[in-house]
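Structure at a glance
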Amino acid sequence: MPDGQPVAKAFQRITHLGIGAHQDDLEFMAFHGILECHASDKKWFGGVTCTNGAGSSRAGAYKNFSDAQLMTVRRAEQNAAAVVGKFGVMVQLDYPSGAVKSATDKSLKNDLKKILAATRPEMVYTHNPADKHDTHIGVVIATLQAIRELPRGQRPKRAIGCEVWRDLDWLPDGEKFPMDVSGHDHFAAALNGIFDSQIAGGKRYDLATLGRRSANATFFDAHTTDQATQMIFGMDLTPLIHDESKDIVEFVCGFIDKFRDDVKAKLSQRLI
């Protein structure tokens, strides 16, 4: 609890909940929610990081760190980001990646169900189910399964799958959930820069994240001047959390089919 509030009170005030796989995923993918709550006295962002950070890349000053040492560093970085971001609560579940990726281990799903029941957020941000990182897929599936097991009256109003290890530029424009985060570049850079172990460890996530948001804003619409300078694209997963009969695989592949149809139609028009 970054501001020292009692646990129950801190959890109950959460309106926006980010559920990410690794330390720093929240800041990269759920910045929209962090921003929504940062200057508000009525909205509170809660963060959940599912893994322990043991498998993180390491170079430079961190190249000789053991898994245990790096886990300690990454945990501290995430807690520091929660303070800067004014999170209402920061939960680190400390799972090894193998457990998150397992199709049979339900421990993460059960933990997320408890957190969701305790927070009752209106909005959930997690990984998009077309992400190419297996641990991210494990997190979004566990999140969807956890929400689906809640009573209907306790489920979030909306769930958004966000960009990290695969962007969502390919989504048809009508299917995108655009999140304008313009005008807060310094705040975003401050949050991203906290994760020095990864930046110095050989991955310039700080530059890549802001660059992607800038590209999204410019390339979103080819026929108008830019309406935003920083934009995050999301996949709206709300139909999946309100109708558990919907097949997750078919739902996601439906977007891929629409992308394929759009490409095929544009090419066919020119090749008549």
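To keep things clear, this report deals only with the structure shown in the data block. Predicted model only: the values in this text are computed from it and were never measured.

**Section: the overall build of the protein**
Looking only at helices and strands, one finds 12 helices and 7 strands in the protein. In terms of principal-axis extent, the alpha carbons of the protein reach across some 65 × 45 × 40 Å. The long-range share in the protein, meaning contacts at least 24 apart out of those at least 6 apart in sequence, stands at 76%. Charged side chains in the protein number 33 positive and 34 negative. The centres of these two groups are separated by 3 Å.

**So, the packing of aromatic side chains**
Considering all chains together, one arrives at 8 aromatic pairs under this definition. Aromatic side chains Phe-31 and Phe-187 sit 5.6 Å apart centroid to centroid with 50° between the ring planes, which places their arrangement in the tilted category. One end of the pair, Phe-31, is in helix α3 (residues 31-38); the other, Phe-187, is in helix α8 (residues 185-193), and 156 residues separate them in sequence. Both residues of the pair, Phe-31 and Phe-187, count as buried. One aromatic cluster in this structure is built from Phe-28, Trp-165 and Tyr-205. Arg-13 extends its terminal NZ or CZ atom over the ring of Trp-44, reaching a point 3.9 Å from the ring centre.

**With respect to the nonpolar core**
With 41 residues, the main nonpolar core has Leu-17, Ile-19, Val-48, Leu-108, Leu-112, Met-235 and Leu-237 as its most contacted residues. Beyond its immediate chain neighbours, meaning those up to four positions away, Ile-19 contacts Leu-26, Met-29, Val-48, Cys-50, Leu-112, Val-124, Tyr-125, Thr-126, His-127, Val-139 and Thr-143. Residues Ala-81, Phe-87, Met-179 and Leu-191 belong to the second largest nonpolar core, which totals 26 residues.

**Looking at helix α4 (residues 67-84)**
Over its 18 residues, α4 runs 26 Å from end to end, which matches the ideal 26 Å to within 8%, given 1.5 Å per residue. Where α4 is concerned, the buried positions are Leu-70, Met-71, Arg-74, Glu-77, Gln-78, Ala-81 and Ala-82. Around the axis of α4, the buried residues are gathered within 140° of arc, so they sit on the same side. The exposed residues of α4 that point more than 90 degrees off its buried face are Ala-68 and Val-83. Contact partners of the buried residues in α4: α2 (25-29), β2 (45-51), β3 (89-95), α8 and α9 (196-199). Where α4 ends, the next residue or the one after it, Lys-86, has phi of about 55°, a positive value.

**A closer look at the sheet that holds strand β1 (residues 16-20)**
Judged by pairing direction, the sheet is mixed, and its 7 strands sit side by side in the order β3-β2-β1-β4-β5-β7-β6 without closing on themselves. Lying at the two open borders of the sheet, with one neighbouring strand each, are β3 and β6 (176-180). Shown here is a sheet whose adjacent strand axes are inclined to one another by a mean of 25°, direction ignored. As paired strands, strand β4 (residues 123-127) and strand β5 (residues 158-162) are joined by 5 bridges and run parallel to one another.

**Let's talk about the pattern of salt bridges**
Pairing between side chains of opposite charge can happen when the charged atoms of each approach one another. Using the criterion set out here, one finds 14 salt bridges in the structure. Ionic pairing is found between Lys-109 and Glu-149, a salt bridge with its closest N-O pair at 2.9 Å. Placement of Lys-109 in helix α6 (residues 107-119) and of Glu-149 in the loop between α7 (134-148) and β5 is noted, with a sequence separation of 40 residues between them. Of the residues examined, Glu-149 reaches a relative accessible area of 38% and is grouped as partly exposed. What emerges from the salt-bridge pattern is a single network uniting Lys-109, Lys-113 and Glu-149.

**A few points about the packing of α3 against α8**
Following both chains from N to C, one finds α3 and α8 inclined at 115°, their axes separated by 12 Å at the closest point. For the pair α3 and α8, the crossing hand works out as right-handed. Contact with α3, carried on its side by Phe-31, Ile-34, Leu-35 and His-38, involves Phe-187, Ala-188 and Leu-191 of α8 and no other residues of that element.

**Quick word on α3**
Counting buried positions over the 8 residues of α3 gives 6, a clear majority of the element. Among the residues of α3, Phe-31, His-32, Gly-33, Ile-34, Leu-35 and Cys-37 are the ones counted as buried.

**Here's the deal with unusual backbone geometry**
Its identity is not glycine, yet Lys-86 carries a phi of approximately 55°, on the positive side. Within the secondary structure, Lys-86 sits in the loop between α4 and β3. Residue classification places Lys-86 among the partly exposed positions, given a relative accessible area of 48%. We note that Asp-94 has phi near 70°; this positive angle belongs to a residue other than glycine. Considering the arrangement of structural elements, one finds Asp-94 in strand β3.

Thresholds applied
Residues numbered from 1 in each chain as written. Predicted model: local features only at pLDDT ≥ 70, side-chain atom pairs only at ≥ 80, totals over all residues. Heavy atoms only, no water. Helix = DSSP H or I, 4+ residues; strand = E, 2+ residues; numbered from the N terminus. Contact = heavy atoms within 4.5 Å. Lys, Arg positive; Asp, Glu negative; His and termini not counted. Charge placed at Lys NZ, Arg CZ, Asp CG, Glu CD. Phe/Tyr/Trp six-rings, centres within 6.5 Å; stacked < 30°, edge-to-face > 60°. Buried < 20%, exposed > 50% of the residue type's maximum accessible area, 1.4 Å probe, protein only. Lys NZ or Arg CZ within 6 Å of the ring centre and 35° of its normal. Core = buried A, V, L, I, M, F, W, Y, C linked by side-chain atoms within 4.5 Å. Expected span 1.5 Å × (residues − 1). Arc of directions from axis to C-beta. Pairing = 2+ DSSP bridges. Axes fitted to C-alpha atoms, helices over the stretch in contact; angles between N-to-C directions. Salt bridge = Lys/Arg side-chain N within 4 Å of Asp/Glu carboxyl O. Left-handed = near helix turned anticlockwise from the far one by under 90°.

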